[in-house]
Amino acid sequence: MNYIIYLIKSSLEDFRRNKVRTFLTSLGILIGVLSVILLVSFGLGLKKYINQQFESLAPNLLRVVPGKIFAGGSFRAGPGSLGTIRFDEKDIQRIKRIKNLDYTIPTLTKTITVRAGRNSELTDFFSSSEDLFSALNIEAEYGEIFAKADVAKKNKIAVLGPKIAEKLFGDSRAAVGNNIKIENQSFKAIGVTKSKGGGGFGGPDFDSYIYIPYKAGYIFDPDKKFIAIIAKVNSEKNIDQAKRDIEEVMLTRYSEDDFSVIKQTDLLSAITSIFSIINLVLVAIAAISLIVGGIGIMNITYATVTERIKEIGIRRAIGARKSDILIQFLAESVILSLFGGIVGLALAWIVVFFVQRVFPAYINIPTIALALGVSSAIGVIFGVFPAKKAADLSPIDAIRYE
Amino acid sequence: MIELKNICKDYVVGNETIRILHDISLTIKDKEFVGIMGSSGSGKSTLMHIMGFLDTPTKGTILLDSKDVSRLSDDELSQVRNEYVGFVFQQFNLINNLTVLENVMLPAIYSRKRFKYSIRKKALELLRRFNILERKDYLPNKISGGQQQRVAIARALIMNPKIIFADEPTGNLDSKNGEEIINLLSELNRDFGVTIVIVTHEKYIANKTKRQLFIKDGTLVKK
Ligand SMILES: Nc1ncnc2c1ncn2[C@@H]1O[C@H](COP(=O)(O)OP(=O)(O)O)[C@@H](O)[C@H]1O
Ligand SMILES: [Mg+2]
């Protein structure tokens, strides 16, 4: 213990005398750690943000979509990819017979132009059944949402998300009762939904959708097909069973590669895994600056070894072993590097503190451990060459050195 | 205690090999007080470094308590320097990053031995005995040369070595301070039985030792 204090004390004394040099040497590591930690904390924040987006969706949903787009939580665009098949009313009826499903909802979404008076906007419509509102917990803010009878009667009515309603009518309340034109087909706006938030990375933007009864929606798709089926399972514990049941039913009509049944969490993990990869690449790029910082430390440690050859000789003369000299210079480079790491971490913490007002970036314990671990490791890796050089000096040459 | 047999030392300078020490054989016995004399460049320091296990001879054997040291590993040699030998140099050779007290304690830090006594207490006691206790927290370059050399002697003594090698210990001191240092070393030999080898080219110092060896051009000569 005494031993380490001695070694560190003489290094610190050295740093105290060369404050500017010490600071400049640590600067590389400081910048490296700062940028890596910032990227990591932003990555963590992004993950959290995406999770928050998905929390706004109702849980216990299964989606039946065309193509085999997920395999083990990541995207896989196979030969029978997106859009080769579409579903129809028959599929709906068959899935409806599966137990533990509260709702089975056909959906057709399309990007369309919608007009109200002179205003014209590009947005998505959601051609679906009345159950969609219950399944996704969508309620009316003004007016009302459409009912089962509206679907059956093919009523040309529409429920607007608050954002699109406001864009079209200036005030979302004013939309109720007015006509809108979807691709030149006239629909009557009967209600505006409450805001669900969302619309960020990966999350659907419910507030900008226009909801219409799917049977009325057939005018936009004469084949009477759907691009997705949403099934709501009555309880979380039945999700996996329901997923298997749906797959079984669908397999009687389609081949395995033609469709996928996706859990909400599959989608979430696919999106987060993509962002994690991007983040990892960025962190790897930032880590290059750590290597540059390490080379700086190596340079300075080589310089101090040369400056202190005589001292090394003295220490050897009074009984220091090679390993003692090695540890002494390693300790110096680790202290330098760790110092840079700690200051970098502190600066990152300050930046994150301010960023948190607009974005949920955060620094967790593993990130702190990473910063401290990586900077010590750099001290060791880049310090070991000069330290080895110091240790291998012959005692007599060192003490005779002037 | 230390026995040199047919020691030669060569240096390679460019593509020439120069022999600095020629076939030197000598014995230093326990509790002896020996002076090594010779002109500058005659090889005194080289001989002293070899006797002190800092340097290795090109030829010949060294016995420490009748054991051949040529087979010792680098770590074992370090340990021998640490525990058996104390060095006092002309340029004091203290470590300027460390205080006086820390310099004195430093050999003990490198020791793997367990001490029965407090190293710190012993260091303070040595400093007190050498009249430099009030300088214990100074850095070496803030005290006088005579004081620095006394610190160096205290450092050489902290491990209770069998032998102290002093290489022109007064070379950088005025005559008054030089005399004090020599008296101190004589006392150590007389009162505490520490074996002392002093390298010097000053006659009056050599006269204080009990046996003198003369080196001329790398050879021991009888006088
Ligand atoms: N590393 C070395 N390489 C070449 N020659 C050396 C080396 N060290 C010492 N010498 C030479 O060896 C001779 C003896 O040196 P030294 O033992 O220091 O003499 P002294 O201490 O008696 O003045 C000198 O001529 C010196 O130049
Ligand atoms: Mg000399």
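Residues numbered from 1 in each chain as written. Chains lettered and ligands numbered in written order. Predicted model: local features only at pLDDT ≥ 70, side-chain atom pairs only at ≥ 80, totals over all residues. Heavy atoms only, no water.

### Observations concerning the packing of aromatic side chains
One pair of aromatic rings is described through two measures. These are the centre distance and the angle between the planes. Residues and elements named next belong to chain A. The condition that has to hold: Centre distance within 6.5 Å is the pairing criterion for rings of Phe, Tyr and Trp, where only the six-membered ring of Trp is used; planes under 30 degrees apart are then read as stacked, over 60 as edge-to-face, and the remainder as tilted. Accessible area is worked out with a 1.4 Å probe on protein chains only. A residue is then buried under 20% of its type maximum, exposed over 50%, and partly exposed in between.
Under the defined criterion, the tally for this structure stands at 19 aromatic pairs over all chains. With 5.9 Å between their ring centres and 80 degrees between their planes, Tyr214 and Tyr218 make a pair best called edge-to-face. Take Tyr214: its relative accessible area is 8%, and that puts it in the buried class. Taken together, Phe126, Phe133, Phe146, Phe206, Tyr209 and Tyr211 form an aromatic cluster joined through their ring pairs.

### With respect to the site of ligand 1
Here is the rule: By convention in these notes, a residue is near a molecule or strand provided one of its non-hydrogen atoms lies within 4 Å of it. In the analysis that follows, any N or O atom pair within 3.5 Å is treated as a polar contact, provided that within protein one partner can donate a hydrogen and the other can accept it, and provided that, for residues neighboring in sequence, both atoms belong to side chains. Accessible surface area values rest on a Shrake-Rupley calculation with a 1.4 Å probe, where residue burial reflects the displayed protein chains alone. For the purposes of this entry, the term helix denotes a DSSP run of H or I that reaches at least four residues, the term strand denotes a run of E that reaches at least two, and both are numbered from the N terminus. Amino acids are sorted into nonpolar (Ala, Val, Leu, Ile, Met, Phe, Trp, Tyr, Cys and Pro), charged (Asp, Glu, Lys and Arg) and polar (every other residue, Gly among them).
The full set of residues close to ligand 1 is Arg400 of chain A together with Tyr11, Val13, Ile20, Ser39, Ser40, Gly41, Ser42, Gly43, Lys44, Ser45 and Thr46 of chain B. Bordering ligand 1 are residues originating from chains A and B. One nitrogen or oxygen atom from the side chain of Arg400 of chain A is found 3.1 Å from an oxygen atom belonging to ligand 1. Here a nitrogen atom of ligand 1 and a side-chain polar atom of Tyr11 of chain B are 3.5 Å apart. The protein chains hide 67% of the 570 Å² of surface that ligand 1 would expose on its own. The greatest single-element share of the shell around ligand 1, amounting to three residues, is contributed by helix α1 (residues 44-51) of chain B. Per-class residue counts for the shell around ligand 1 are three nonpolar, seven polar and two charged.

### Some thoughts on the domain arrangement of chain A
Rule in force here: Those domain boundaries reflect an automatic or database domain assignment.
When the domains of chain A are assigned, the result is domain 1 (2-52 + 271-400) and domain 2 (86-253). A separation of 56 Å is found between the C-alpha centroids of domain 1 of chain A and domain 2 of chain A.

### Some thoughts on the interface of chain A and chain B
Test applied: Should any heavy atoms of two residues lie within 4.5 Å, those residues are considered in contact. The buried area of a pairing is the accessible area, by a 1.4 Å probe, that goes missing from both parts when the two are put together, added over both. Any Lys or Arg side-chain nitrogen found within 4 Å of a carboxyl oxygen on Asp or Glu counts as a salt bridge.
Each partner contributes to the interface: chain A provides 28 residues, whereas chain B provides 32 residues. In total, about 2700 Å² of surface goes out of reach between chain A and chain B, with carbon and sulfur atoms giving 54% of it. Looking only at chain A, the three residues that lose the most surface to chain B are Tyr6, Ile318 and Arg321 of chain A, adding up to 29% of its buried area. At the junction of chain A and chain B, the tally comes to three salt bridges. The residue Asp324 of chain A makes a salt bridge to Arg112 of chain B at a minimum N-O spacing of 3.8 Å. Where chain A packs against chain B, one counts 11 residue pairs in polar contact (both at pLDDT 80 or more). Breaking the side of chain A that touches chain B down by element, the ones donating at least two residues are α1 (2-17), α10 (309-317), α11 (322-355) and α13 (395-400) of chain A. Sort the elements by how many residues they give to the side of chain A that touches chain B and α1 of chain A lands first, with eight residues. When grouped by side-chain class, the residues that make up the side of chain A that touches chain B number nine nonpolar, five polar and 14 charged.

### Points about the sheet that holds strand β7 (residues 163-167) of chain B
Residue and element names in this part refer to chain B. Applicable threshold: When DSSP finds at least two bridges between two strands, those strands are taken to pair. Fitted lines through C-alpha atoms serve as axes, helices being fitted only where they are in contact, and the angles separating the N-to-C directions of these axes extend from 0 to 180 degrees.
Pairing is mixed across the open sheet formed by six strands, whose spatial order is β6-β7-β8-β3-β9-β10. Two strands lie at the open edges of the sheet, namely β6 (85-88) and β10 (219-221), each paired on one side alone. Across the sheet, the mean angle from the axis of one strand to that of its neighbour is 25 degrees, orientation sign disregarded. Pairing of β6 with β7, which is carried by four bridges, proceeds in the parallel orientation. Along β7, the bridge assignment pairs Gly86 with Ile164. Along the sheet, helix α5 (residues 145-157) makes contact with β6 and β7, crossing β6 at roughly 170 degrees.

### Examining a nonpolar patch on the surface
Residues and elements named next belong to chain A. Spelled out, the test is: Like charges are joined within 9 Å and nonpolar side chains (Val, Leu, Ile, Met, Phe, Trp, Tyr) within 5 Å, but only among residues with over 30% relative accessible area and no salt bridge; these make up the patches.
A cluster of nonpolar residues, Ile274, Ile277, Ile278, Val281, Leu282, Ile285, Ile288 and Val292, forms a patch on the protein surface that exposes about 710 Å² of accessible area. Following the sequence through the fold, Val292 ends up in helix α9 (residues 264-307). A relative accessible area of 54% places Val292 in the exposed class.

### Description of the sheet that holds strand β4 (residues 59-64) of chain B
All names here are of chain B. Strand order in the open sheet made by the four strands is β2-β1-β4-β5, with antiparallel pairing throughout. The strands lining the two open edges of the sheet, one partner per strand, are β2 (16-28) and β5 (67-68). In the sheet, β4 pairs with β5 via two bridges, with the strands oriented antiparallel. Note on β5: the bridge partner recorded for Leu64 is Lys67. Relative to the sheet, α1 contacts β1 (2-13), β2 and β4, its axis offset from that of β2 by approximately 60 degrees.

### As for the nonpolar core
Where we set the bar: The set of buried Ala, Val, Leu, Ile, Met, Phe, Trp, Tyr and Cys residues whose side-chain atoms join them within 4.5 Å is what this entry labels a nonpolar core.
Core analysis: the biggest nonpolar cluster contains 88 residues, and Ile2, Leu47, Met51, Phe53, Ile153, Phe165 and Leu188 of chain B have the highest contact counts within it. At seven residues, helix α3 (residues 100-109) of chain B tops the list of elements feeding residues into this core. Counting residues in hydrophobic clusters, the runner-up holds 39 residues, among them Phe133, Leu136, Tyr211 and Met250 of chain A.

### Details of the packing of α9 of chain A against helix α12 (residues 365-391) of chain A
Residues and elements named next belong to chain A. The criterion, for reference: Each helix crossing is assigned a hand: it is left-handed if the near helix lies turned anticlockwise from the far helix by less than a right angle, otherwise right-handed if that turn is clockwise.
At a minimum axis separation of 9 Å, α9 and α12 run at an interaxial angle of 30 degrees. You can see that α9 and α12 cross each other, and the crossing is right-handed. Touching Leu290, Ile291, Gly294, Ile295, Met298, Thr301, Tyr302, Val305 and Thr306 of α9 are Val374, Ile378, Phe382, Phe385, Pro386, Lys389 and Ala390, all from α12. Looking at side-chain class alone, the contact of α9 with α12 contains 12 nonpolar, three polar and one charged residues.

### A word on the confidence of the model for chain A
All names here are of chain A. The test is simple: Along the chain, pLDDT gives the predictor's confidence residue by residue, from 0 to 100.
The predicted model of chain A has a mean per-residue pLDDT of 88, with 93% of residues at 70 or higher. Here strand β3 (residues 74-75) stands out as the element of chain A with the lowest mean pLDDT, 46, in contrast to α10, whose mean of 96 is the highest. Here residues 72-83 is a poorly scored stretch, pLDDT under 50, and it has 22 contacts once near neighbours within four places are set aside; other chains count.

### Details of unusual backbone geometry
All names here are of chain B. One non-glycine residue with positive phi stands out, namely Asp23, at about 50 degrees. With a phi angle near 55 degrees, Asn93 is a residue other than glycine that sits in the positive phi range. Relative to the helices and strands, Asn93 is located in the loop between β6 and α3. What makes Asn93 buried here is its relative accessible area of 5%.

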